[in-house]
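A look at the structure
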Amino acid sequence: MSEKPILQKLGVLADAAKYDASCASSGTIKRDSTGTKGIGSTGGMGICHSYAPDGRCISLLKILLTNFCIYDCRFCINRASSNVPRARFNPEEVVRLTLDFYKRNYIEGLFLSSGIIRSEDYTMEQLVEVARLLREEHRFGGYIHLKTIAGASPELIARAGLYADRLSTNVELPTEAGLKSFAPEKTSATIRKTMAGVRVGLDDAAEAARGRLLKKAKPPRFAPAGQSTQMIVGADGAKDDDILQSATSLYSGYKLRRVYYSAYSPIPDASSDLPPVRPPLIREHRLYQADWLLRFYGFSRGEIMEGAEGGMLDLTIDPKLAWALQRREAFPVDINRAPREMLLRVPGLGTKAVERIIATRRLGAVRLGDLAKLTASVKKVLPFITTPDWRPGGLTDSENLRARFAPPPEQMSLAL
Amino acid sequence: MREIILKTPGDFAEWRDAARALLAAEVPPEQVVWRQAGESASLFSDDAPLVPGRTVALPRALVTTLDRVICHRDANVPTRLYTIAWRALGDRRLLERRTDNDVDWLAKSDKAIRRDLHKMHAFVRFRRLGGEDAERESFVAWFEPEHRIVRLAAPFFRKRFYGMDWAILTPDARAIWQDETLSFGPGGTRDEVPDSDVVEEQWRMYYGSIFNPARVKIAAMRAEMPKKYWHNLPEAQDIGPLLAGAGARVERMRETAVQLANPRSDKWRVRGEMEAPIAGETATLEELARSLQTCTRCPIHCNATQAVPGEGKAGARIMLVGEQPGDREDLEGRPFVGPAGQLLDEALAEAGLDRAQLYITNAVKHFKFEPRGKRRLHQNPSTGEIDICRWWLDQERALVRPDIIVSLGGSALRGLTGKSASIASVRGKPMTLEGGERLVATVHPSFLLRLPDRQRAAAERAAFIADLAAARKLALNAT
């Protein structure tokens, strides 16, 4: 087999990585290259260095080490039976590309995944080697996200955690049945066991940090940006309720920072029983909103599903509004008196707006005219709140309230 | 009227020194005119020396904000900042008044600056100077920020690109990092920067390949990467062609959907089948543990990480049966490694038992829990689940053949006897199980962990150790 030039390999292996939703470079520790005199830094929030015309940010060099794969998961472009062109990088080539791109300020770091070749352990070893070369040989201080290979040995996961900022193991499909039919060689047990291994690593590192005797003797860090996972939405028959159930269980079990929901997007050379072209982007968006409600707004899964029908979230309005419309007896709430938990449940108020309202009302009553300075979406909030100079009257219970918010039925357009 | 002429727009030190003198001399904002260098001076300005009348101390948070906002291009900024500083002297909580017009203006201007900074951190594109063999690599970039933020942005680039030399040129000023020293200079032009870089072709290849033509969302892209930045981003020249070709690419995908199975995949299908697990009767504990992993007899397995098999050797004289794995057991796949396990270990040691000599297992093999935020709350297994799981416990008993079985808690008792008896009713009265083993019933160690009353906890702990010691004694007598 003749070696393809780097440029061609990059084309193949970046193309193969574009279905992975995560590109975040956030959540890790602060680090810079002043001490090492090398290259690279990370901060809290991460930076998107570019945006692709699909609206998704480019923060990391997201590539596969190889798109050869011995597995045959039907939703995956890299499955053994796919007729796509194949390529393979060696670790030095990935290191070169990462550094070249990083020094020109194109990226925040590397997100490396791989098709499975030879064995899970062999593949994982190669991924770890790239991270090791970057950190140890090149004093690279940028962000590194490694995809763990489900089923790789715990020792390799532990080593990966030493170099990487974030580790992730994709659960692929939200239900066990879906996995069985679409990814026959993967089992959710192996995936969960790998995630459990990462969580044990995180817990142990936290424990070691707490238990140390000297403040200065820092124990080795383990994936400071934690772990994440991805589910494909819309490839199998799983309902939104199943998806959120799976997500809550994963959040609680493995201390995940994020669950990424990836609308199943058609792949070239797809198997014929998969849904055709349009990826369910709105559904994906609603799931992210619901996920947010779970993590930052104090909602339980059951509450979110109150606004849903048949286990599916409302596509026309956001899940918080859908919930509020079912629970009108709880509204309107008094902006100046309501507790934080209740303000967080007002449609249109985000966490930042709520903090601002609470800080401001300590200094004096918040009036309608003040609201525009505290939140961006006054119009949306009006039916659900009272201020000294505003009462929604019959608006809260009016029958056409939903229609006020529902957008015209058009979803999205392809034209520029 | 006082007239202040600022020589370098955006220079915080210059504004601060002037403002501090004015504040100290108690000159109100209406009495001050701030001018940029080059503007014609007023004929009526008062240039008598300022007499400090008060000490000036501003909240730190305000000073850092002023430091940023002075970089704003709006010509009124020095005046407005002075007004805010003046008001802050009399009102320490001014910044918290988010609905005040001045504070609102300050917050919005600050946000604009911070956004501009963030975009500069993101969209600066370095091009390499010189050949490959240079000792230290050096790079240069051309960037056009909205405001005069080079001074604010430079430290970020210094920390990030410490190990190389670089310069960032903007129309207002330039920042230079060379020989580990950061310096600033006058503005520049685009011509000073090379018009290409060897890696740009690779970068554009990456940009084109990572774009998914099936999910075009132009508005989302433009919201985050406004067009004004495009002409300095090498990848942006590809946006048009990529969008133009997207529809055709999606159409091609639809056409090439494979209808027939690919023969290449058959090779791998075999692999999946070979590893298919066999559940059923097992001859050794190792086999039992393996087939336990495939258990789907009850629904608990769906959310648990793994089944947790017992631990110990066949032929152990004493077998300990707990309830079900907890959070940590579920993660590690070993019984009694969490907090209850630690307590058990201590109690065993006090009772004179060596854990390595025992067989330790649970009545139910999977962890049952209720997700609650970032935690998993333990849920008791139902009697139905205990009875279903007894199938595994019975096999363990048959393989281990212990003399004594210690049941820890009610679920274990149910798993062993098939009946729901209270612990109190059987505690301290060793009885014989159907298989001939002697049963010692006691509480579960997690019960001891939950007792809030110290005195009671100590008493219960002693009773627990006594039960374990009784089991040890029974085992000694049985030999």
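Conventions we followed
Note on numbering: residues in each chain are counted from 1, in written sequence order. Each chain is given a letter, starting from A, and each ligand a number, starting from 1, according to the order in which they appear as written. pLDDT decides what is reported in this predicted model: residues at 70 or higher carry local features, side-chain atom pairs at 80 or more are listed and counted, and totals for whole chains, interfaces and linings draw on all residues regardless. Here the side-chain values reflect all heavy atoms present in the structure, with hydrogen atoms and water set aside. The contact rule is simple, with two residues in contact once any of their heavy atoms fall within 4.5 Å. Note on definitions: buried area is the accessible-area loss of two parts on being combined, 1.4 Å probe, summed for both. A side-chain nitrogen of Lys or Arg and a carboxyl oxygen of Asp or Glu constitute a salt bridge if their distance falls within 4 Å. Under the rule applied, a polar contact is a pair of N or O atoms within 3.5 Å (in protein, one hydrogen donor and one hydrogen acceptor; residues adjacent in sequence only if both atoms are side-chain atoms). Runs of H or I in DSSP of at least four residues are treated as helices and runs of E of at least two as strands, each being numbered from the N terminus. Each residue gets one of three labels, nonpolar for Ala, Val, Leu, Ile, Met, Phe, Trp, Tyr, Cys and Pro, charged for Asp, Glu, Lys and Arg, and polar for the others, Gly among them. Expected helix span is given by 1.5 Å per residue-to-residue step, counting one fewer step than there are residues. Relative accessibility under 20% of the residue-type maximum defines a buried residue, over 50% an exposed one, and the middle range a partly exposed one, all with a 1.4 Å probe and only protein chains included. In this analysis, rings of Phe, Tyr and Trp, with Trp reduced to its six-membered ring, are considered paired at centre separations within 6.5 Å, and the interplanar angle assigns stacked below 30 degrees, edge-to-face beyond 60, and tilted for intermediate values. In this scheme, the term charge over a ring applies when either NZ of a lysine or CZ of an arginine sits within 6 Å of the ring centre and within 35 degrees of the ring normal. Note on geometry: axes are lines fitted to C-alpha atoms, helical ones only across the stretch in contact, with angles between N-to-C directions running from 0 to 180 degrees. The cut-offs work like this: below 35 degrees is roughly parallel, past 145 is roughly antiparallel, 65 to 115 is roughly perpendicular, and the gaps in between are oblique. Left-handed describes a crossing whose near helix is turned anticlockwise from the far helix through less than a right angle; right-handed describes the clockwise counterpart. UniProt positions are given in the numbering used here, feature names are shortened, and annotations may be inferred rather than shown by experiment.

Before going further, it helps to spend a moment on the interface of chain B and chain A. Contacts between chain B and chain A engage 89 residues on the former and 93 residues on the latter. Across the interface of chain B and chain A, roughly 8,100 Å² is buried in total on both sides, 57% from carbon and sulfur atoms. The partner of Arg 215 of chain B in a salt bridge is Glu 284 of chain A, with the nearest N and O atoms 2.9 Å apart. Inspection of the region where chain B meets chain A yields 33 residue pairs in polar contact (both at pLDDT 80 or more). When residues in the side of chain B that touches chain A are grouped by element, the largest group, nine residues, is from helix 6 (residues 200–210) of chain B. Within the side of chain B that touches chain A, the residues separate by chemical class into 38 nonpolar, 19 polar and 32 charged.

All names here are of chain A. Along its 18 residues, helix 3 (residues 120–137) runs 25 Å from first to last C-alpha, staying within 8% of the 26 Å computed at 1.5 Å per residue. The element helix 3 is extensively covered by neighbouring structure, given that 13 of its 18 residues are classed as buried. At the C-terminal side of helix 3, Arg 139 shows a positive phi close to 50°.

Overall, the coordinates contain 28 aromatic pairs over all chains when judged by the stated rule. Relative to Trp 166 of chain B, the ring of Phe 126 of chain B has its centre 6.2 Å away and its plane inclined at 50°; by these criteria the two rings are tilted. Note that Phe 126 of chain B is positioned in the loop between helix 4 (101–123) and strand 3 (127–129) and Trp 166 of chain B in strand 5 (residues 165–169), a separation of 40 residues in sequence. The pair Phe 126 of chain B / Trp 166 of chain B is uniform in exposure class, with both members buried. Through successive ring pairs, a cluster of aromatic residues spans Tyr 102 and Phe 140 of chain A together with Phe 126, Phe 139, Phe 156, Phe 157, Phe 161 and Trp 166 of chain B. Between the NZ or CZ atom of Arg 345 of chain A and the centre of the ring of Phe 299 of chain A, over which it lies, the distance is 4.0 Å. A cation sits over an aromatic face here: Arg 297 of chain B above Trp 391 of chain B, 3.7 Å from the ring centre.

Its place among the elements puts Glu 329 of chain B in helix 11 (residues 327–332). Only 2.9 Å separates the side chain of Glu 329 of chain B from the backbone nitrogen of Gly 338 of chain B, close enough to count as a polar contact.

The description of two helices packed together rests on the angle between their axes and the distance between the axes. The N-to-C vectors of helix 1 (residues 6–15) of chain A and helix 6 of chain B enclose an angle of 25°; their axes lie 8 Å apart at closest approach. Taken together, the axes of helix 1 of chain A and helix 6 of chain B are roughly parallel relative to one another. Crossing of helix 1 of chain A against helix 6 of chain B: the hand is right-handed. Of helix 6 of chain B, the residues touching helix 1 of chain A (which contributes Ile 6, Leu 7, Leu 10, Gly 11, Ala 14 and Asp 15 of chain A) are Glu 201, Gln 202, Met 205, Tyr 206, Ser 209 and Ile 210 of chain B. Here the contact of helix 1 of chain A with helix 6 of chain B is composed, by residue class, of seven nonpolar, three polar and two charged.

This part covers the UniProt feature "domain: Uracil-DNA glycosylase-like" (unreviewed entry) in chain B. Residues annotated in UniProt with the feature "domain: Uracil-DNA glycosylase-like" (unreviewed entry) correspond here to residues 309–464 of chain B. In residues 309–464 of chain B, the share of helix is 41% and the share of strand is 19%. The end C-alpha atoms are 24 Å apart.

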